[in-house]
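Observations on the three-dimensional arrangement
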Amino acid sequence: MNNCRKSDIFVVPEKFPNKPRKKGAEEMEERNMPKENKKQQNMLRTQRRESVQSKLQLIHQKAKEDKKMKFTALMHHIYNIDMLRMSYLELKRNAAPGVDNETWGSYGEDLEENLKDLSLRLKKGAYRAKPVKRAFISKADGKLRPLGVTVLEDKVVQRATVAVMNAIYETDFVEFSFGFRPKRSQHQALDALYRGLTKRVSYVFDADIRDFFNKIDRKWLVKFIEHRIADKRVVRLIQKWLSAGILEEGKLIYNEQGTTQGNSISPLLANVFLHYVYDLWTQQWMKKRARGDVIVVRFADDTVVGFQYESDARLFQIELKERLQKFGLELHPDKTRLIEFGRFATEGRGKRKEGKPETFTFLGFTHICGKTRKNGKFTILRHTIKKRMHAKVKEIKSELKARMHDPIQNVGKWLKSVVTGHYRYYGVPGNYDAMSDFRHLIGCRWYHALRRRGQKGLVTWEKMGALMDKWLPQPRICHGYPK
């Protein structure tokens, strides 16, 4: 026993030999700790992100082992304070406030007390979803897209619910579904489509569901959710968000169908709905009805289906319309079409002297049948959609007008971030010229903005070229060919 009268710590000699290097020198004893049970390394004094992720992983594993399992107890994962805290920290700091004008910063001033109160209300069933504030953003075609601005507490609870539901549904969703899923992106969908179109594809069915988010049948949606989630409290929570109402120009509007775009949970609900309405049906159709090869890529409500035979494409189009009508949906007449496209389409149209195959758009790119420069083999060319590029340039022109009298250095840094972000998305092989055009158009708009803020002779094209070289980076390919 040592000085502190404890025998469960190291005992280290306080006096060392005078000649420790000499062999045979007397040395003093020291003693290690007594044997005991090892401490549990995974036990945390407080539940943190690691424990939350481990619980979600356990749910994911059970859902993967049994595809027909219905989960009856999930609500306690949602109102877990650590889950709510993690959801809060993942929100955007500068997001617009909802109808209660609560911001991320003001809610975080007393975060722990707010989360405890929110958790208690969820546990007791006293939580009430608040109306969504309507906002509009402009689309590339000049129309306005309605979006909903949710209050901060609803965002926190929705993110927690999405995290729990994703652990289940990620085991069910099919491979050709890419929209709004964790660890999946637009470029993965574009790469999958590129690989598919280079195979035995002669016809492409480019489909878009008309007003999809506003036409979702809520009764069918709840039935689909109950296939996997039997916890009535979770289902009731989702129904609260669906029926919360929309505040537009001071008027509260209640809809009997649809989900509000802009909610954190809307993309997941849309994927669940389309999983049962479209994805599973398409898989069965490919196995039972198709005679040739079929490739499918879906991102949210936009889908591209490639066919080897025209008869399969015609049949699929007819039966898909009937399938969607059963659930209150319809294909957009202007954005849905069947075209001859692909390697064999290029050869066939060339023999018939009908010119090049038509093009189609998907995820911001116009897809074109082309040939490689080296050996002239068939390839898919992907160019930036011109309407989107000109709409972006028009938006930047308006912003340059507002920043006309800002220092050139500040404007240059902002334009550099805009151009760099454009390259990161549109930087695919074969799209270099379109990115160069975008850079040139941005430089021209900046040139005109600088000439308007002072005497015209002060800014020449030579000076403008130096500014562009300094602040506007040259185009670069950020994404290689898909493997």
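In this text, all values refer to a predicted model and were calculated from it rather than measured experimentally.

Rules and cut-offs
- Residues numbered from 1 in each chain as written.
- Predicted model: local features only at pLDDT ≥ 70, side-chain atom pairs only at ≥ 80, totals over all residues.
- Heavy atoms only, no water.
- Helix = DSSP H or I, 4+ residues; strand = E, 2+ residues; numbered from the N terminus.
- Buried < 20%, exposed > 50% of the residue type's maximum accessible area, 1.4 Å probe, protein only.
- Contact = heavy atoms within 4.5 Å.
- Areas by Shrake-Rupley, 256 points an atom, 1.4 Å probe, with all protein chains shown as cover.
- Phe/Tyr/Trp six-rings, centres within 6.5 Å; stacked < 30°, edge-to-face > 60°.
- Lys NZ or Arg CZ within 6 Å of the ring centre and 35° of its normal.
- Expected span 1.5 Å × (residues − 1).
- Arc of directions from axis to C-beta.
- 1 Å grid on protein atoms, 1.4 Å probe; cavity = no way out; pocket = protein on both sides within 12 Å on 5 of 7 lines; lining within 4 Å.
- Points joined across faces, edges and corners; volume = space filled by probe spheres on them.
- Nonpolar A, V, L, I, M, F, W, Y, C, P; charged D, E, K, R; others polar.

Notes on the overall build of the protein chain
On a plain count of helices and strands, the protein chain comes out with 17 helices and 11 strands. By residue count, 44% of the 483 residues in the protein chain fall in the buried class. A sequence separation of at least 24 residues applies to 71% of the contacts in the protein chain between residues at least 6 apart. Taken as a whole, the protein chain presents about 28800 Å² of accessible surface, with 49% of it coming from carbon and sulfur.

Quick look at the packing of aromatic side chains
With the rule as written, the count across this model stands at 22 aromatic pairs. Geometrically, the ring pair formed by Phe 212 and Phe 273 is tilted, given 6.4 Å between the ring centres and 55° between the ring planes. One end of the pair, Phe 212, is in helix α8 (residues 212-215); the other, Phe 273, is in helix α11 (residues 266-288), and 61 residues separate them in sequence. Phe 212 sits in the buried class, given a relative accessible area of 3%. When the centroid spacing of 5.7 Å and the interplanar angle of 25° are considered together, the rings of Phe 365 and Tyr 425 count as stacked. Placement of the pair is Phe 365 in strand β10 (residues 365-371) and Tyr 425 in helix α15 (residues 408-426), with a sequence separation of 60 residues. Given the relative accessible area of 0%, Phe 365 is considered buried. Its relative accessible area of 21% is what places Tyr 425 among the partly exposed residues. One residue, Lys 223, lies across the ring of Trp 220, its end atom 4.9 Å from the ring centre. Over the ring of Trp 414 we find Arg 403, and its NZ or CZ is 4.4 Å from the ring centre.

Concerning helix α14 (residues 386-402)
Across its 17 residues, α14 extends 25 Å between first and last C-alpha, which sits within 8% of the 24 Å expected from 1.5 Å per residue. Listing the buried residues of α14 in full gives Met 389, Val 393, Ile 396 and Leu 400. Burial along α14 is one-sided: seen end-on, the buried residues are contained in an arc of 65°. Set apart from the buried face of α14 by more than 90 degrees, the exposed residues are Lys 387, Lys 394, Glu 395, Lys 401 and Ala 402. Its buried side turned inward, α14 meets β11 (378-384), α15 and α16 (432-452).

Side note on helix α6 (residues 152-169)
For an α-helix, 3.6 residues make a turn, and residues three or four places apart therefore share a direction. Given a rise of 1.5 Å per residue, 18 residues ought to cover 26 Å, and the 25 Å separating the end C-alpha atoms of α6 matches this to within 8%. Among the 18 residues that make up α6, 16 are buried, leaving the element largely enclosed by the rest of the structure.

Considerations on the layout of surface pockets
In this model, the second largest pocket occupies a volume close to 1500 Å³. Glu 90, Arg 159, Val 162, Asn 166 and Ser 264 are the residues nearest the centre of the second largest pocket, which is lined by 43 residues in total. Listing elements by their share of the lining of the second largest pocket, those giving two or more residues are α1 (49-65), α3 (81-89), β1 (132-138), β2 (144-149), α6 and α11. For the lining of the second largest pocket, the per-class residue count stands at 21 nonpolar, 12 polar and 10 charged.

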